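# Structural features, examined
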Amino acid sequence: MKIRFGKTYVYLAEYRMPILRARLARRFGLESTPVIVPGERHHPGNVHAVFLIWQPQATAWYVTNALAALAEAGINVTLVVNHPLSEARLAELRPFADRIMLRDNSGRDMGGYRDAILSFAGREPERLLLMNDSVYYFRAGLTEMVQRLATSPCDVCATYENWEYHHHFQSFCYSVSRYMLEQPAFQQFWRDYLPVNARPWAINKGEVGSSRRMVRLARSTEVLFNPVKLREALADVDSMGLQDLFGHLPIDLRPAAGGPRLRQETVMRQLTDAIVARSQIHSGGFLYRRFLGAPLIKRDLLFRQQYHLHEIESLLNIVGAEGHTADIITEMRAKGIGFHLRGRARQRFLLDL
């Protein structure tokens, strides 16, 4: 017998019910408590990073790259593991971390951030980096980027931001100062945050909500990879050269081919307007990597149908993938395209759950 999962059923089961469960768990004191075990890599100083992973089978090369860069920068890592971990896997991870937090994935990445941030209460780091494994981390420029996050004079230093529907710093890689960590309103946000296992909640209540709180509290902020810096890097590229770069944009953001020849400034504006149209690591990730040396590329470019698979492979060859093009293409091919899912999984994707 075939079961049809309608949108209303999936919405209630995958969004409203997780909210209800999370509220009931908090009301009755049934929220899960993470377990913290010591790691084996300790650095002097008081700069820390929270690195959240979902790597149940093995530690992927891009996670190893990130952990190596954090070690080179002398940053103590709290490795937040959002899935069950065998003793063998725990032994593999201990040499990379100052401590390891084991938790049950409540609230997904934002729930992990919450537990880790609250674990520092009363002994706030001078600087705290927050990172997760939703991006590929390449070695070239990675240690330098981590050092910039660790030494920024600003209360918030983000790698990317997003202006698509409302502004927020993108949460896969950013840092905050001790001043921010000590603000009662910042601490209260994370104490109050409800760890719901639904993507829209994690984005709107977690990523966007925490970003709005930080913007209000921060004395200063900066974004490492932004359109102003990209324009400066492209200042000497002529109109035709800039039009050739439209192929670096996602499918639906590319201007129609065969139009009239435009002035350099007009093409530059078209290019940067397209980048700020949505999540900038999705819309401009290849450009930021090629011209600003950004060591990050999002892992869901095919799943969310930003590019065709052959385009991703071609662009990786252009911007540099450090010998990991085949690894990336293999992973993306295995995950597939969201619109190709079936049944309840397809409904979840269509509802962005």
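See the structure shown above.
Reading the values: the criteria
- Residues numbered from 1 in each chain as written.
- Predicted model: local features only at pLDDT ≥ 70, side-chain atom pairs only at ≥ 80, totals over all residues.
- Heavy atoms only, no water.
- Helix = DSSP H or I, 4+ residues; strand = E, 2+ residues; numbered from the N terminus.
- Buried < 20%, exposed > 50% of the residue type's maximum accessible area, 1.4 Å probe, protein only.
- Polar contact = N/O pair within 3.5 Å; in protein donor to acceptor, adjacent residues only side chain to side chain.
- Contact = heavy atoms within 4.5 Å.
- Salt bridge = Lys/Arg side-chain N within 4 Å of Asp/Glu carboxyl O.
- Pairing = 2+ DSSP bridges.
- Axes fitted to C-alpha atoms, helices over the stretch in contact; angles between N-to-C directions.

### Side note on the side chain of serine 175
Of note, serine 175 is situated in strand β10 (residues 173–177). Taking the relative accessible area as the measure of exposure, serine 175 reaches 0% and is therefore buried. Here arginine 127 takes part through its side chain, which lies 3.0 Å from a polar atom of the side chain of serine 175. If we skip the residues at most four places from it in the chain, serine 175 touches Arg127, Leu128, Leu129, Leu149, Asp155, Val156 and Cys157.

### A look at the pattern of salt bridges
Under the criterion given, the structure shown has 18 salt bridges. Here arginine 89 ties to glutamate 92 by a salt bridge, and the two come within 2.9 Å at their closest N and O atoms. Taken as a pair, arginine 89 and glutamate 92 lie in helix α3 (residues 87–93) at a separation of 3 residues, close to a single helical turn. Exposure remark for arginine 89: the relative accessible area of 5% places this residue in the buried category. Residue classification places glutamate 92 among the partly exposed residues on the basis of a relative accessible area of 42%. A salt bridge links glutamate 331 to arginine 299, with the nearest nitrogen and oxygen atoms 3.1 Å apart. Taken as a pair, glutamate 331 in helix α15 (residues 325–335) and arginine 299 in the loop between β12 (296–298) and α14 (309–319) lie far apart in primary sequence, 32 residues in all. The network of salt bridges with common partners includes Arg199, Asp300, Arg304 and Asp352.

### Notes on unusual backbone geometry
At arginine 108, a position not held by glycine, the phi torsion is positive, near 55°. Here arginine 108 is to be found in helix α4 (residues 108–119). Of note, glutamate 322 is a non-glycine position whose phi angle comes to about 55°, a positive value. Turning to its location among the elements, glutamate 322 is positioned in the loop between α14 and α15.

### Quick look at the sheet that holds strand β2 (residues 47–53)
One open sheet holds the 8 strands; their spatial order is β1-β4-β3-β2-β5-β10-β7-β11, and the pairing between them is mixed. Each of the sheet's edge strands pairs with one partner strand only, and the pair in question is β1 (35–38) and β11 (221–223). Direction aside, the axes of adjacent strands within the sheet are offset by 15° on average. Bridging between β2 and strand β5 (residues 127–132) involves 6 bridges; their strand directions are parallel. Each residue of the ladder has a partner; that of histidine 48, found in β5, is leucine 128.

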